[in-house]
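Fold and contact review
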Amino acid sequence: GGLASFLEQSLRLSVILALSGFLLGAIGDLNKSIGKMLKGEDTLITGGIFRFFRHPNYTGEVIGWSSSCLAAFLAVALKAVTDTSSNGGLHIWKSMAGFLSLSVMGVTGISFVLGTATAGLEFRQQEKYGDSEEYKQWVKKSWVGFKMGKQKKAESENIQETTEE
């Protein structure tokens, strides 16, 4: 029991959540690829995983990278708590501080990029499909995911094709 047990269980959960996030993204990519192949490139994909998530790739990646970062902190905390040396694990935090900082910067950066890309894609989809009843119903019933504000047309056009789902 105790703190070490809590940290260990939390670490396991965060790793499972990270893997689940990346799996969500992969399922979204596969769902979209099959849908576009069967129905055409200009088709709005609203079935499968897209029924629940409008942008499963972006959402999954944010979940995956955020959970991965959390797992790093939990792993260091677990190691520090179970450390039997005289300084009580502080040296472990000090030795890992740089890596943990890079992890935070990485997840912050990728979350910003994915959140901005989500906003851009939302704008372009609304512009392209916004008049259709299928789109309106889909927007009401699905989760947008993690989005960074609203995009204006000029900003939306600057987002590279490589980030588009």
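Before any of the text, the structure's been laid out above.
An account of the accompanying structure is given in this report. Keep in mind that what you see is a predicted model, and the values were worked out from it rather than measured. Residues take numbers from 1 onward in each chain, read along the sequence in its written order. Given that this is a predicted model, residues contribute local features only at a pLDDT of at least 70 and side-chain atom pairs are listed and counted only at 80 or more, while totals for whole chains, interfaces and linings are drawn from all residues. Hydrogen atoms and water are omitted, and side-chain values are computed over all heavy atoms in the structure.

Another aspect to go through is helix H1 (residues 2-39). Over its 38 residues, H1 extends 54 Å from the first C-alpha to the last, a length consistent with the 56 Å expected when each residue adds 1.5 Å. Here a residue-residue contact requires only that any non-hydrogen atoms of the pair lie within 4.5 Å. The secondary structure listing takes helices from DSSP runs of H or I that are at least 4 residues long and strands from runs of E that are at least 2 residues long, numbered from the N terminus. Looking at the buried positions of H1, the neighbouring elements they touch are helix H2 (56-82) and helix H3 (90-129). Note on H1: the residue one or two positions beyond its end, Gly40, has a positive phi of about 110°. Expected helix span is taken as 1.5 Å per residue step, with the number of steps being one fewer than the number of residues.

On to a positive patch on the surface, then. Among the surface-exposed residues, Arg51, Lys136, Lys140 and Lys141 lie close enough to one another that they form a single positively charged patch. Locating Lys141 in the fold gives a position in helix H4 (residues 133-141). Without a salt bridge and with relative accessible area above 30%, a residue can belong to a patch; like charges are then joined within 9 Å and nonpolar side chains (Val, Leu, Ile, Met, Phe, Trp, Tyr) within 5 Å. Here, Shrake-Rupley sampling with a 1.4 Å probe gives the accessible areas, and only protein chains in the shown set may cover a residue. Counted as salt bridges are all cases of a side-chain nitrogen of Lys or Arg within 4 Å of a carboxyl oxygen of Asp or Glu. His residues and chain termini do not enter the charge count, which takes Lys and Arg as positive and Asp and Glu as negative. The atoms used to mark charge sites are NZ of Lys, CZ of Arg, CG of Asp and CD of Glu.

A separate point is the environment of Glu61. The topology assignment puts Glu61 in helix H2. Here the alpha-carbon distance between Glu61 and Leu19, two residues 42 residues apart in the chain, equals 9.7 Å.

Now for the pattern of salt bridges. This structure, assessed with the given rule, holds three salt bridges. Here Arg12 ties to Glu8 by a salt bridge, and the two come within 2.9 Å at their closest N and O atoms. With Arg12 and Glu8 both in helix H1 and four residues apart, this pair spans about one turn of that helix. The exposure class assigned to Arg12 is partly exposed, which follows from its relative accessible area of 46%. Buried residues are those whose accessible area, probed at 1.4 Å on protein chains only, stays under 20% of the maximum for their type, while exposed residues exceed 50% and partly exposed ones sit between those limits.

Before going further, it helps to spend a moment on the environment of Leu114. With respect to the helices, strands and loops of the structure, Leu114 is situated in helix H3. Sequence-wise, Leu114 and Val62 are 52 residues apart; in three dimensions their C-alpha atoms are separated by 7.3 Å. Once residues lying within four places of it in the same chain are set aside, the contact partners of Leu114 are Tyr58, Glu61, Val62 and Phe146.

Here H2 crosses H3 at 170°, and the two axes come no closer than 9 Å. Of the possible angle classes, the one that applies to H2 and H3 is roughly antiparallel. For the pair H2 and H3, the sense of crossing is left-handed. Residue type decides the class: Asp, Glu, Lys and Arg count as charged, Ala, Val, Leu, Ile, Met, Phe, Trp, Tyr, Cys and Pro as nonpolar, and the leftover types, Gly among them, as polar. Taken together, the residues of the contact of H2 with H3 break down into 19 nonpolar, four polar and two charged. Helix axes use the C-alpha atoms of the stretch in contact, all axes being lines fitted to C-alpha atoms, and the angles between their N-to-C directions lie in the range 0 to 180 degrees. Roughly parallel here means an angle under 35 degrees, roughly antiparallel means over 145, roughly perpendicular means 65 to 115, and every remaining angle is called oblique. Each crossing gets its hand from how the near helix is turned against the far one by less than a right angle, where anticlockwise is left-handed and clockwise is right-handed.

Everything listed here is a matter of coordinates, which is why it stays silent on function.
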